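Observations on the three-dimensional arrangement
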Amino acid sequence: MLKSKTFVKKTRSGRVMKIVREHYLRDDIWCGSEACDQCKQESTVLLKDACIESSLCPFSHYLIPDTNVVLHQIDVLEDPVICNVVILQTVLQEVRHRSAPLYKRLKDLLHASEKHFYSFTNEHHRETFIEREPGESANDRNDRAIRVAAKWYSEHLANPDNPKVVLLTNDIGNKQKSEESGLLVYKFEEYIKGLIANPELVDRLALSNDDKNDVSSSKVLFPEHLPLSRIQAGIKSGAFLQGSFKASRDNYLEAKVFIQKNEDEATEVLIQGLHNLNRAVHQDVVAVQLLPRGEWAAPSSIILQDVGSAKDDTNEEEDEEEKIEDALRSSGGEVNRKPTGKIVGIIKRNWRPFCGMLNMSQIKESTRHLFTPADRCIPRVRVETRQASTLVGQKIMVAIDGWPKDSRYPNGHFVRSLGAAGEKATEEEVLLLEHDVPHHTFSQAVLSFLPKMPWSIKLEDMAGREDLRDLTVCSVDPPGCTDIDDALHCRELGNGNLEVGVHIADVSHFIRPGNALDNEAANRGTTVYLCGKRIDMVPELLSSNLCSLRSGVDRLAFSTIWEMNQEAEVLKTRFTKSVINSKASLTYAEAQLRIDDTGKSDNITKSLRILNRLAKILKRGRINKGALTLSSLEVRFHMDSETHDPIELQTKELMESNSMVEEFMLLANISVAQKIYDEFSECALLRKHPAPPPSNYDILLKAAKSKDVILRTDSAKGLADSLEGAKVEGFAYFNTLLRILATRCMMQAVYFCSGMDSDFHHYGLASPIYTHFTSPIRRYADIIVHRLLAVAIGADSTYPDLTDKQKQSALCNNLNYRHKMSQYAQRASVAFHTQLFFKTRGILSEEGFVLYVRKNAIIVLITKFGLEGAVFFDDKDKGGPQLVFDEEGPFLTVGQHTFHIFDRVKVTISLDDSNIQHQKIRMALMEPVIPGVSVSAPELETQNKKAKLDR
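Residues numbered from 1 in each chain as written. Predicted model: local features only at pLDDT ≥ 70, side-chain atom pairs only at ≥ 80, totals over all residues. Heavy atoms only, no water.

By the definition in use, this model includes 48 salt bridges. Close ionic contact of Glu656 with Lys616 constitutes a salt bridge, the shortest N to O distance being 3.2 Å. Here Glu656, found in helix α19 (residues 656–679), pairs with Lys616, found in helix α18 (residues 603–625); they are 40 residues apart in sequence, far enough to count as distant. On the basis of relative accessible area, Glu656 is assigned to the partly exposed category, the value being 35%. Taking relative accessible area as the criterion, Lys616 reaches 41% and is therefore assigned partly exposed. Linking Glu724 and Arg739 is a salt bridge whose minimum nitrogen-to-oxygen distance equals 3.2 Å. You can see Glu724 sitting in helix α21 (residues 716–724) and its partner Arg739 sitting in helix α22 (residues 734–745), a full 15 residues away along the chain. (Salt bridge = Lys/Arg side-chain N within 4 Å of Asp/Glu carboxyl O. Helix = DSSP H or I, 4+ residues; strand = E, 2+ residues; numbered from the N terminus. Buried < 20%, exposed > 50% of the residue type's maximum accessible area, 1.4 Å probe, protein only.)

Here it is in structure tokens:
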């Protein structure tokens, strides 16, 4: 049966087009129930014996939830007790339109065989499809479609021995119309509260509007949010600005709204005070109204310490907040004032389930408690639960349901417990969840696309490949590395030139476009390296075995090969799929020993020495063009083999061999970037590093000027040259500290599609074009680049998504997000393991440098441990801290002492575990160290750690 849908669509040019779409209806769509004897179905999903112990429904039954139930109560639907559920096509389509994350969770439920969730395509079933009536809203039409489908199921399975059909809705009007149609219908909360053996599910219910009113007080605390229509009109007229809300980690009464004016220009608006923050939550998309210029404020220089346990009585907190807001208004000078505004509406909520801990109410028998999130950017949440006594001391997940204007806190519901707080497994799980790192085990659908073992290179795999197994190829990686995705070779040619090759694991040979393995890798985006743990982007069979370029085994590779002269000038470049056999898998230290040992002269060592010499020339050339050499203190933990706890903490030492590998990976990435752009100018996946806005350099310039050093920041070349010459007599570590600050002034490097952008420049590398090609085991971007390069050289065929710039751009957005979150997760893992390290160390005393000064604290860098922390000063201290701004930058006076950026200080370091939720490293000042006096720890003067380049 054929229907047609007709609608009009406005094009970008302003023309109106009439669209006619055919809509096929069928009468052979199965109901999916094994109780059915009418449908000729090959397999069934819904069980005949569909029993859930219920006081409301003491009989076998199937559940049909409407769209709002799925959107708001997915946490309950995911519980194992909820099964034999019919998800209508109408509901599935609405959820897909409203929320991509919820749609994915719903699809996962449909694929979980033990849940018995069945997707019924009611929109194509001849007896359940309905037309939209004149004057009927799309929402009302969909509600009616759900009722019609539920009615059909009830009549289709009308046999008394068959399960009954229960419609679940929270819409009063929909419930009333369903009852009038003779359907068995309940409110979702009503049904869940009727479950006999699972009372804990009540805690997972998202609060309904009725419940939210019960929680709120009569006092209005926040302004009303404007309706979306007014917001859109205000943005169009310029009265409001749209941007992303970023809460401060240091001060919960302050935030910034980042506003992207155009492709290359962004600005930020400061928000201060509870009233102006107006219930926005970190990462929400908001509408902001600028305050009059006379009300603009300076960003706070106050760092708030832990505010302690949450209290039931908010009056005390309100008094404290008023004091803090007064301090905010007086914490900066006139010169530091920034555009300041207030939130007038929420355009898009970006809420997710949050990890944290429950603070039990002090009111006896109360079921309402406060939840404190692990992420300091997220406000506390009021939660109703009857399990509080068992959840105390546990890390739990909570979802926010809403935030009424008369409630000090948002309202939410308990999702699940994660385990005892402080335990390593629990904290790692929290870390991964908080940073949205996909870490579930690979599904059978994904694993089904892996090669069958035992696997070896076959004749068909060799087609179109060069056999390079006779070359002296070797890899150089960190110790313990099992996912080796790059290797090098160098040999002299008969004409006196050199042949240099970079060989990269050919992951794209094993991961073909569009299958489940490819989709999973694209979603994960990157491998995440935690301390002592790795979350792979691809299954271990590929990452640590078949794709890893281990020594002594044949491996498929994608090779970039240059002919160079002795001065490292590239004469020819070619790309080829290949087969290699690595002759050695070396660590950086082992490679460096070979280079330095004059007694060694084997082929591998000779190759490494030439590569090292060429790399120095390449690096010198890059620096001469303006490439930046920045600094970043990275730490390495030595783990106990039994407990896997850190037993030693030290900063990583980089050697010439690190730089050697780095240079050739950079050269390969640049060569490949140019090739794929030449072939695919509209859809090449590239990587750029934007130049920082001038304001980013303020703190760096003031820090340098405090030591009478002038830096140029008008260009990367100017910055690189002036950093090179930035020296202070008797203060050898000054240059490294400047480079650490310079690193923090930089923008984030990002992936982009060449057809969607015009600025390709990589600021940090001073390269006009760049991409990622050299790590396809751990980065999905590299897999796409491999596919583009393979098509460019005729080694593989293309496919539609590869040359669709819109889809490439969407992919880049996900890869940028995953890359950013993996970096945050890695930092959080280092912080957690640093706490474990100091847990058994008692109180240590170390010397460090002041990196920043704040109104009530100094931020100190302990270079021995790569550790950064705040030393707080109390207002009640004699003299009290006084922050002063002058032409040479800010300084802090405390009593008789004055603290400038880069001053040496001596501090005690200890672990403060009084707050198990937010354990932290505490630093306390022992004595200021007079600038110019030699440092007691000699390694401080010799460490000159270089930041990893963006290879």
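Let us keep going from here.
Taken N-terminus to C-terminus, the directions of helix α23 (residues 780–792) and helix α24 (residues 805–839) make an angle of 150 degrees; their axes are 10 Å apart at the nearest point. By the angle between their directions, the pair α23 and α24 is classed as roughly antiparallel. In this structure, α23 uses Tyr780, Ala781, Ile784 and Leu788 to contact α24, whose residues at the interface are Gln808, Leu811 and Leu815. When grouped by side-chain class, the residues that make up the contact of α23 with α24 number six nonpolar, one polar and no charged. (Axes fitted to C-alpha atoms, helices over the stretch in contact; angles between N-to-C directions. Parallel < 35°, antiparallel > 145°, perpendicular 65-115°, else oblique. Contact = heavy atoms within 4.5 Å. Nonpolar A, V, L, I, M, F, W, Y, C, P; charged D, E, K, R; others polar.)

Moving on: α21. Within the sequence span of α21, burial applies to Ala716, Gly718, Leu719, Ala720, Ser722 and Leu723. Against α20 (698–705) and α22 lie the buried residues of α21.

Its location among the elements puts Ser300 in the loop between β11 (285–290) and α11 (315–329). With a relative accessible area of 16%, Ser300 lands in the buried category.

Along its 35 residues, α24 runs 51 Å from first to last C-alpha, staying within 8% of the 51 Å computed at 1.5 Å per residue. The N-cap residue of α24 is Asp804: its side-chain oxygen and the backbone nitrogen of Gln806 are 3.0 Å apart. (Expected span 1.5 Å × (residues − 1). Polar contact = N/O pair within 3.5 Å; in protein donor to acceptor, adjacent residues only side chain to side chain.)

Moving on, we come to the sheet that holds strand β16 (residues 394–402). Ordered in space as β13-β14-β15-β17-β16, the five strands form a closed barrel in which the pairing is mixed. Each neighbouring strand pair of the sheet contributes to a mean axis angle of 55 degrees, computed without reference to strand direction. When strand β13 (residues 354–359) meets β16, the two strands line up antiparallel, connected through three bridges. Bridged to Cys355 within β16 is Met397. Packed on one face of the sheet, helix α13 (residues 424–434) meets β13, β16 and β17 (411–420) and runs near 140 degrees to β17. (Pairing = 2+ DSSP bridges.)

So, on to the environment of Asp108. With respect to the helices, strands and loops of the structure, Asp108 is situated in helix α4 (residues 100–111). Take Asp108: its relative accessible area is 40%, and that puts it in the partly exposed class. The spacing of Asp108 and Glu78 is 30 residues in sequence and 9.4 Å in space, taken between C-alpha atoms.

Another aspect to go through is the sheet that holds strand β12 (residues 341–348). The strand order across the open sheet built from five strands is β10-β9-β8-β11-β12, with neighbouring strands paired in antiparallel fashion. Two strands bound the open sheet, and with one partner strand each, they are β10 (266–272) and β12. In this sheet, neighbouring strand axes are inclined to one another by 40 degrees on average, regardless of whether the strands run parallel or antiparallel. In terms of strand pairing, strand β8 (residues 241–247) meets strand β9 (residues 254–260) through four bridges, oriented antiparallel. Across the sheet, residue Lys246 finds its bridge partner in β9, namely Lys256. In the packing of helix α9 (residues 228–237) onto the sheet, contacts are made with β8, β11 and β12, and the angle to β12 comes to roughly 120 degrees.

The full count for this structure, using the stated rule, is 16 aromatic pairs. Geometrically, the ring pair formed by Phe734 and Phe902 is edge-to-face, given 5.5 Å between the ring centres and 85 degrees between the ring planes. In this pair, Phe734 is assigned in helix α22 and Phe902 in the loop between β36 (897–900) and β37 (904–912), connecting sequence segments 168 residues apart. Here Phe902 falls in the buried class, since its relative accessible area comes to 1%. The rings of Phe731, Tyr733, Phe734, Phe849 and Phe902 are connected pair by pair, giving a single aromatic cluster. The ring of Phe752 has Lys688 sitting right over it, with the charged end atom 5.6 Å from the ring centre. Cation over ring: Arg904 sits above Phe731, and NZ or CZ is 4.7 Å from the ring centre. (Phe/Tyr/Trp six-rings, centres within 6.5 Å; stacked < 30°, edge-to-face > 60°. Lys NZ or Arg CZ within 6 Å of the ring centre and 35° of its normal.)

What follows deals with the confidence of the model for the chain. Scored by pLDDT, the chain comes out at a mean of 87, with 88% of its residues at no less than 70. Low pLDDT (under 50) marks residues 212–216, which in the prediction has 13 contacts with non-local residues, meaning those over four places away or in another chain. (pLDDT = per-residue confidence, 0-100.)

Here Leu184 lies in strand β7 (residues 184–186). Residue Leu184 is classed as partly exposed on the basis of its relative accessible area, which comes to 27%. A C-alpha to C-alpha distance of 6.3 Å links Leu184 and Leu167, two positions 17 residues apart in sequence. Discounting chain neighbours no more than four positions away, the residues touching Leu184 are Phe59, Val165, Val166 and Leu167.

With that settled, consider the state of the cysteines. If you walk through the whole model with that rule in mind, you get zero disulfides. Distance from the sulfur of Cys51, which forms no disulfide, to the nearest cysteine sulfur (Cys83) is 9.6 Å. A residue is classified by how much of its surface remains accessible, and Cys51, at 53% relative accessible area, is exposed. (Disulfide = S-S within 2.5 Å.)

Core analysis: the biggest nonpolar cluster contains 88 residues, and Leu542, Leu608, Phe664, Leu685 and Tyr780 have the highest contact counts within it. It is α23 that contributes the most residues to this core, ten residues altogether. With near-sequence residues (within four places) excluded, Phe664 lies in contact with Leu488, Val500, Val502, Trp562, Met564, Leu611, Leu614, Ala615 and Leu618. Judged by nonpolar contacts, the second largest core, of 55 residues, contains Ile52, Cys57, Leu92 and Leu110. (Core = buried A, V, L, I, M, F, W, Y, C linked by side-chain atoms within 4.5 Å.)

Here we come to the pairing of strand β21 (residues 498–505). Counting buried positions along β21 gives eight out of eight residues, so the element sits mostly inside the fold. Note that strand β20 (residues 486–492) and β21 share seven bridges and pair antiparallel. The residue of β21 that forms the bridge with Cys490 is Val500. The antiparallel hairpin formed by β20 and β21 contains five residues in its connecting segment, where Gly496 sits at a positive phi of about 90 degrees. Strand direction decides the pairing type here: β21 and strand β24 (residues 554–564), joined by eight bridges, are antiparallel. Pairing of Ala505 across the sheet is with Ala557, part of β24.

What follows deals with the environment of Ile64. Among the structural elements, Ile64 can be located in strand β3 (residues 61–65). The class for Ile64 is buried, based on a relative accessible area of 0%. When residues no more than four places from it in sequence are discounted, the contact partners of Ile64 are Val86, Leu88, Ala150, Tyr153, Val165, Val166, Leu167 and Leu168.

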